[in-house]
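So you can see what is in the structure, the chains are spelled out below.
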Amino acid sequence: MRLNQSSLYKLLALSVAVILAGCSPTEHQNTSKRSAQSTSTDIDPQKFGAIYKGRTYQQAIFSPVSRVENQSAVVNQGDFLTQLSNVNTYSGKLSRNFAPTYEKITAWVLAGANVSELTDFGINPQVMKGFDGYQNVLMTGYYSPVIHARRTQQGKYNQPIYALPSQKRFSRAEIYAGALKGKGLELAYSDSMIDNFLLGVQGSGYVDFGEGNLNYFAYAGQNGYPYAAVGRLLVEDGEIPKEKMSIQAIRDWANANPSRVQGLLERNPSYVFFKNDPNGKVKGAAGVPLVPMASVASDRGVIPLGSVLLVEVPQIDNEGNWTGEHKLHLMVALDVGGAVNGHHFDLYRGIGDQAGHIAGLSKHYGRVWVLR
């Protein structure tokens, strides 16, 4: 079964624009989002994990179910309990608001997390309708990049990462032209303009100064200009096919077109500033340290922060192809993103290049049950 044209237009807009507009839990709370425009219906969601066989159309956003259809094992029980411990340690508000739910789910997990026994523990699952009404929820990914840099400009390390200036109203082009140079705002110098840009997209990340440890650079602010997704621009320019769009595809384009990178990035006037927090941890909008694949960014208008989700994560290979399998993860909604709207989740994948590689390829579908 293929979707109608209107639904496919929505899918294509998300698949292209979300990759670089939706994964930052910080920058895009403060920026505008423009959707990609699609003129074709050649992408079948079923190639990306969407399933229709045996399902009926669901009109309600959440539909109570007596039984979770996927009866496979929950693969991240320990990581989920760690994430829940972080919630209880760092957010008294969420702990109080969700105390009964957390207690029931903890008891269920400690008893083995058998999906068929959810209701035995007083847990009431509600399946989400998905973007299409057939429970297919879009799942992208974000991560914490590691930037290789030096504290002072030297050799190939000549791309500055800036602290928040008192005068923020400089565009990206003006900053690249030197508007902030020599003002004592340089936190580090990396060897890659595209890496610095992607650090801003993610909203935070780690910097490796070559001293044997990683420094955490946290989000400090943004210049007030609207965000334009470079992935969308490359698709519109015919540089990358929309079905191939990913962070890795953008990196590959940049490596093949080094003289054009700055011009492309300047078409996105938004610019992110950072602050150095050497002992910092990756935290989401809820102020809670995130555990990879046990935390998720969501639309808080649909899923309140602190909600527990049973997520059917589509499995993909190293090229971004769906393997035909979904695995169950328990996750807590602890983050948000400007392009993470409705039935769309951004899964936190972790730290470093491999996490970034998989996050950048993620634009697939699975079911989500809210556990109450």
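Quantities reported herein were computed from a predicted structural model and do not represent experimental measurements.

About the thresholds
Residues numbered from 1 in each chain as written. Predicted model: local features only at pLDDT ≥ 70, side-chain atom pairs only at ≥ 80, totals over all residues. Heavy atoms only, no water. Helix = DSSP H or I, 4+ residues; strand = E, 2+ residues; numbered from the N terminus. Buried < 20%, exposed > 50% of the residue type's maximum accessible area, 1.4 Å probe, protein only. Contact = heavy atoms within 4.5 Å. Areas by Shrake-Rupley, 256 points an atom, 1.4 Å probe, with all protein chains shown as cover. Pairing = 2+ DSSP bridges. Axes fitted to C-alpha atoms, helices over the stretch in contact; angles between N-to-C directions. Polar contact = N/O pair within 3.5 Å; in protein donor to acceptor, adjacent residues only side chain to side chain. Phe/Tyr/Trp six-rings, centres within 6.5 Å; stacked < 30°, edge-to-face > 60°. Lys NZ or Arg CZ within 6 Å of the ring centre and 35° of its normal.

A. Representation of the overall build of the protein within the structure. Looking only at helices and strands, the protein features 10 helices and 15 strands. Relative to its full complement of 372 residues, the protein shows a buried share of 58%. Within the protein, counting contacts between residues at least 6 apart in sequence, those at least 24 apart form 82% of the total. Approximately 15,300 Å² of the protein is accessible, and the part contributed by carbon and sulfur atoms is 46%.

B. Focus on the sheet that holds strand β3 (residues 137-144). Reading across from one edge, β1-β2-β15-β11-β12-β10-β13-β3-β14 is the order of the nine strands in this open sheet, with mixed pairing throughout. Each end of this open sheet is capped by a strand with a single partner; those strands are β1 (62-64) and β14 (363-366). Strand after strand, the sheet turns through a mean of 40 degrees between neighbouring axes, direction not considered. Bridge count for β3 against β14 is four bridges, and the pairing is antiparallel. Across the sheet, residue Met139 finds its bridge partner in β14, namely His364. This element, helix α2 (residues 77-90), spans β10 (295-297), β11 (308-316) and β12 (322-335) of the sheet and lies at about 15 degrees to β12.

C. Main features of helix α6 (residues 193-202). In terms of burial, α6 is largely enclosed, as 10 of its 10 residues are buried. Those residues of α6 that sit buried are Met193, Ile194, Asp195, Asn196, Phe197, Leu198, Leu199, Gly200, Val201 and Gln202. Put simply, Ser192 is the residue that caps the front of α6, since its side-chain oxygen is 3.4 Å from the backbone nitrogen of Ile194. Gly203, located one to two residues past α6, shows a positive phi value of around 95 degrees.

D. Main features of the sheet that holds strand β9 (residues 272-277). Strand order across the open sheet formed by six strands is β5-β6-β4-β7-β8-β9, with mixed pairing between neighbours. Strands at the two margins of the open sheet, each flanked by one partner only, are β5 (159-162) and β9. Sheet twist, expressed as the mean angle between neighbouring strand axes with direction ignored, is 45 degrees. Where β5 and strand β6 (residues 186-190) come together, four bridges link them in antiparallel fashion. Directly across from Ile161, in β6, lies its bridge partner Ala188.

E. Here's a closer look at the packing of aromatic side chains. Summed over all chains, the structure comprises nine aromatic pairs. On the numbers, 6.5 Å between centres and 80 degrees between planes, the contact of Tyr176 with Tyr271 is edge-to-face. Pair noted here: Tyr176 is in helix α5 (residues 172-176) and Tyr271 is in the loop between α9 (261-266) and β9, with a separation of 95 residues, a long-range link. Connected via pairs of aromatic rings, a cluster forms that spans Tyr52, Tyr57 and Tyr134. Over the face of the ring belonging to Tyr225 we find Arg169, whose NZ or CZ atom lies 4.4 Å from the ring centre. For Arg372, the ring lying beneath its charged end belongs to Phe62, and the centroid distance is 5.1 Å.

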